[in-house]
Amino acid sequence: MAAMATMVAAGCGGVWCRARQRCARWPGPGSRPFLRAQRAVVCNARGGAVSAGKSGLAPWIPVVGLEIHAQISSNSKLFSGSRVQFAAPPNSLVSFFDASLPGTLPVLNRRCVEAAVMTALALNCRINKKSLFDRKHYFYADLPAGYQITQQRVPIAVNGSLSYSLCIDNKMSQMVTKTVRIKQIQLEQDSGKSLHDDTRSQTFVDLNRAGVGLMELVMEPDMCCGEEAAAAVRELQLILQTLGSSQAVMAEGQLRVDANVSVHHPGEPYGVRTEVKNINSIRFLAKAVDYEIQRQIQELGNGGTILNETRAFDSKLGCTVPMRDKEGKQDYRFMPEPNLPPLILYDAKSLPANMNHQQVINIDWIHERLPDLPSVKREKLVEQYGILPEHSFTLLSEDGLAEFFESVVKQTQMKPKKVIGWILNDLLSYLKQHSLTVKESPVSSFLLADLLNLLEKKEISSTAAKRVLAELWKGEGKTPLETVKEHKLELLQDQKELEQICQAVIDGQENEVMAIKAGNRKVLNKLIGLVQKKTQGRSNPVLVKQLLEKKLSE
């Protein structure tokens, strides 16, 4: 582990969101209270969320802020050399420091600091060249020291921003870009994990996760509904994965979200907020936020009050449930961490001439090596290949799909605008149907490009191409050309034979022929389909259309 003992250096217009979630413990969609709550909360994409309630009802403004814990992608923990591995045997990755044995001291992991700086730069943050570590005291069974090392007073980065896009009325072709402010990014330790055995009424503690490096990103309350919160977290997830600063796999607990939700009337101070803790799914985040907005509006509408409490989202019931109240503010007794000096970072101007570059972290050096962020990649895909902006979002939303698309484009004669259809409509649907990632696809970019070349050269029809793709998906090791020959899917080259088939179809469809001659040209597509069926997809639809039109005009 690269570590440092003393000093480390480096340096919404027109979008409306409706809460739509239901819960067994809350009035259902058919009930009047639910419908009132549903009508009462909507969210304006300009940031001024207002309600569309009934006449005479005061509008509500929902306010949503997020706190996100991202596990840093590092081989070892934040302050110890213990290995980081998901699903390792319980308590198999615990050092003396992780177990908080007397006399052990923290040694800062250089990789974790670099990852935090990289993330802060990507999120337009101001890097604090001097940041401090603090102890945050609280008592859980899975926190052996009785405190967490964090950065309460002076975090590593502050005052950033994250831009994200969301659809208008669920239409990918209509998108709006919004920005949420980042208050701060801080380094801190993760806690261990408590495993509850209800059958034996016992709780076991696994300290494998204790001491793993986290980045806590605190977002300002600039959002107003679940859709916005979900879109912001998804964009952050893509950025972290692009940087490599976190794998950000929510299913493995590498990205956990706490949502702070409140509602208030225009011109009034923010309402009492509730915190929905440890949401581990983007879909659940949207549901939890929207439900909580509904719940608070209905509670206030019925004359009740909102408690300052911590809640959890029950994914099975689709609602939030109370965990503990926060009315009595917990005293964490923050104090400076006595075993860690200030974290010092440098840039090119402040870096001392006689300083060993291996012993410091240079902010400018990291900045120069930042990869293209998702927003830049989308712009390049649209500009270079002429695809639609919404297609660029889909390409980047699936890990490895953009690279797959570019690889196919380089190997085929087909235009990128046609290739994107095969990638998004055919390949992606196969992947989702079989729950596979792009890397697990049995159809490589080479095989798909080979297939599209056959189609572009007019050696097979599009119908036949889809049959070939289905055969390739079986992973039997055959090439597209071998599959075409084996199943006799080559285009029908004998025009006389094709003319006879077209004539036979015309003779057997008197009603359709009469409709076409009466001016209903759409019926022609049915005849084309019948010819395709008779030829088992081996005929060229364009040629078939020409032959049918010629015969119908005779």
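Rules used throughout
Residues numbered from 1 in each chain as written. Predicted model: local features only at pLDDT ≥ 70, side-chain atom pairs only at ≥ 80, totals over all residues. Heavy atoms only, no water. UniProt positions renumbered as here; feature names shortened; annotations may be inferred. Helix = DSSP H or I, 4+ residues; strand = E, 2+ residues; numbered from the N terminus. Buried < 20%, exposed > 50% of the residue type's maximum accessible area, 1.4 Å probe, protein only. Areas by Shrake-Rupley, 256 points an atom, 1.4 Å probe, with all protein chains shown as cover. Pairing = 2+ DSSP bridges. Expected span 1.5 Å × (residues − 1). Arc of directions from axis to C-beta. Contact = heavy atoms within 4.5 Å. Axes fitted to C-alpha atoms, helices over the stretch in contact; angles between N-to-C directions. Patch = residues over 30% accessible without salt bridge, like charges linked within 9 Å, V, L, I, M, F, W, Y side chains within 5 Å. Salt bridge = Lys/Arg side-chain N within 4 Å of Asp/Glu carboxyl O. Lys, Arg positive; Asp, Glu negative; His and termini not counted. Charge placed at Lys NZ, Arg CZ, Asp CG, Glu CD. Phe/Tyr/Trp six-rings, centres within 6.5 Å; stacked < 30°, edge-to-face > 60°. Lys NZ or Arg CZ within 6 Å of the ring centre and 35° of its normal. Core = buried A, V, L, I, M, F, W, Y, C linked by side-chain atoms within 4.5 Å.

By the naming in an unreviewed UniProt entry, the chain is Glutamyl-tRNA(Gln) amidotransferase subunit B, mitochondrial, taken from Ficedula albicollis. If you open the UniProt record of the chain and go to Subunit (unreviewed entry), you find "Subunit of the heterotrimeric GatCAB amidotransferase (AdT) complex, composed of A (QRSL1), B (GATB) and C (GATC) subunits." What UniProt states about the chain under its Function (unreviewed entry) heading is, verbatim, "Allows the formation of correctly charged Gln-tRNA(Gln) through the transamidation of misacylated Glu-tRNA(Gln) in the mitochondria. The reaction takes place in the presence of glutamine and ATP through an activated gamma-phospho-Glu-tRNA(Gln)."

So, on to the overall build of the chain. Scanning the chain for helices and strands turns up 16 helices and 18 strands. The burial tally for the chain puts 48% of its 554 residues in the buried class. Of the roughly 27500 Å² that the chain leaves accessible, carbon and sulfur atoms contribute 50%.

For the rest of this paragraph, the subject is the pairing of strand β9 (residues 171–189). Pairing geometry for strand β8 (residues 157–168) and β9, over 11 bridges, is antiparallel. For S163, the partnering residue across the bridge sits in β9 and is T179. Sheet topology places β9 next to strand β12 (residues 213–219); seven bridges connect them, and they run antiparallel. The partner of Q184 across the bridge, within β12, is V218.

The subject of this paragraph is helix α16 (residues 541–553). The terminal C-alpha atoms of α16 lie 18 Å apart, and with 13 residues this matches the ideal 18 Å at 1.5 Å per residue to within 8%. When we look at burial in α16, the residues that qualify are V544, L547, L548, K551 and L552. Seen from one end, α16 has its buried residues packed into an arc of 130°, which puts them on one side. The outward face of α16, more than 90 degrees from its buried face, is lined by the exposed residues V542, K550 and S553. In this structure, the buried side of α16 is in contact with α13 (495–507), α14 (510–517) and α15 (524–534).

With that settled, the discussion passes to the sheet that holds strand β7 (residues 147–150). The sheet built from three strands is open, its strands ordered β7-β6-β17 with antiparallel pairing. In the strand order of this sheet, the two ends are held by β7 and β17 (335–336), each with one partner. Looking at chain direction, strand β6 (residues 134–137) and β7 are connected through four bridges and run antiparallel. If you follow R135 over to β7, its bridge partner there is I149.

Moving on: the sheet that holds strand β4 (residues 126–127). A sheet is described by the order of its strands in space; here nine strands give the open sequence β4-β8-β9-β12-β2-β13-β14-β15-β16, paired in mixed fashion. This sheet does not close on itself; its edge strands, each paired only once, are β4 and β16 (319–325). Inspection of the sheet shows strand β13 (residues 255–264) paired to strand β14 (residues 274–279) by four bridges, in the antiparallel sense. Along β14, the bridge assignment pairs V257 with I279. Lying on the sheet, helix α4 (residues 282–301) is in contact with β2 (61–71), β13, β14, β15 (309–314) and β16; it crosses β13 at an angle near 25°.

Taking 1.5 Å of rise per residue, 18 residues should cover 26 Å, and helix α3 (residues 226–243) covers 26 Å from first to last C-alpha, within 8% of that figure. Burial within α3 is extensive, with 14 of its 18 residues counted as buried. The first or second residue beyond α3 is G244, which carries a positive phi of 80°.

Let's shift gears to a positive patch on the surface. On the surface, K415, K417, K418 and K458 cluster together into a positively charged patch. Its location among the elements puts K458 in the loop between α10 (445–456) and α11 (462–472). Residue classification places K458 among the exposed positions, given a relative accessible area of 55%.

The next subject is the packing of aromatic side chains. The relation between two aromatic rings is expressed through the spacing of the ring centres and the mutual angle of the planes. A full pass over the atoms with the stated rule returns eight aromatic pairs. Relative to F313, the ring of F284 lies with its centre 5.9 Å away and its plane at 50°, an arrangement referred to as tilted. With F284 in helix α4 and F313 in strand β15, the pair connects residues that are 29 residues apart, well separated along the chain. Note that K136 overlies the ring of Y332, its terminal NZ or CZ placed 4.5 Å from the centroid. Over the ring of W422 we find K466, and its NZ or CZ is 4.7 Å from the ring centre.

For the rest of this paragraph, the subject is the nonpolar core. Grouped together as the largest cluster of nonpolar side chains are 70 residues, with contacts concentrated most on L66, I156 and I185. No other element matches the nine residues that helix α2 (residues 110–122) contributes to this core. With sequence-adjacent residues up to four places away left out, L66 is seen in contact with L217, V218, M219, M223, A229, V233, V257, D258, A259 and L285. Counting 39 residues, the second largest nonpolar core, distinct from the first, contains F404, F405, L454 and V468.

Below, the discussion takes up the pattern of salt bridges. For the structure shown, the criterion picks out 24 salt bridges. One salt bridge in this structure joins D197 and R200, with 2.9 Å as the shortest N-O distance. Residue D197 is classed as buried on the basis of its relative accessible area of 17%. Accessibility expressed as a relative area gives 54% for R200, which makes it exposed. The salt bridge involving E292 is made with R311; its shortest N-O contact spans 3.5 Å. Remark: R311 occurs in strand β15 and E292 occurs in helix α4; sequence separation between them is 19 residues. Since its relative accessible area comes to 0%, E292 is described here as buried. Ionic contacts of the salt-bridge type, sharing partners, join the residues E292, R295, E309 and R311 into one network.

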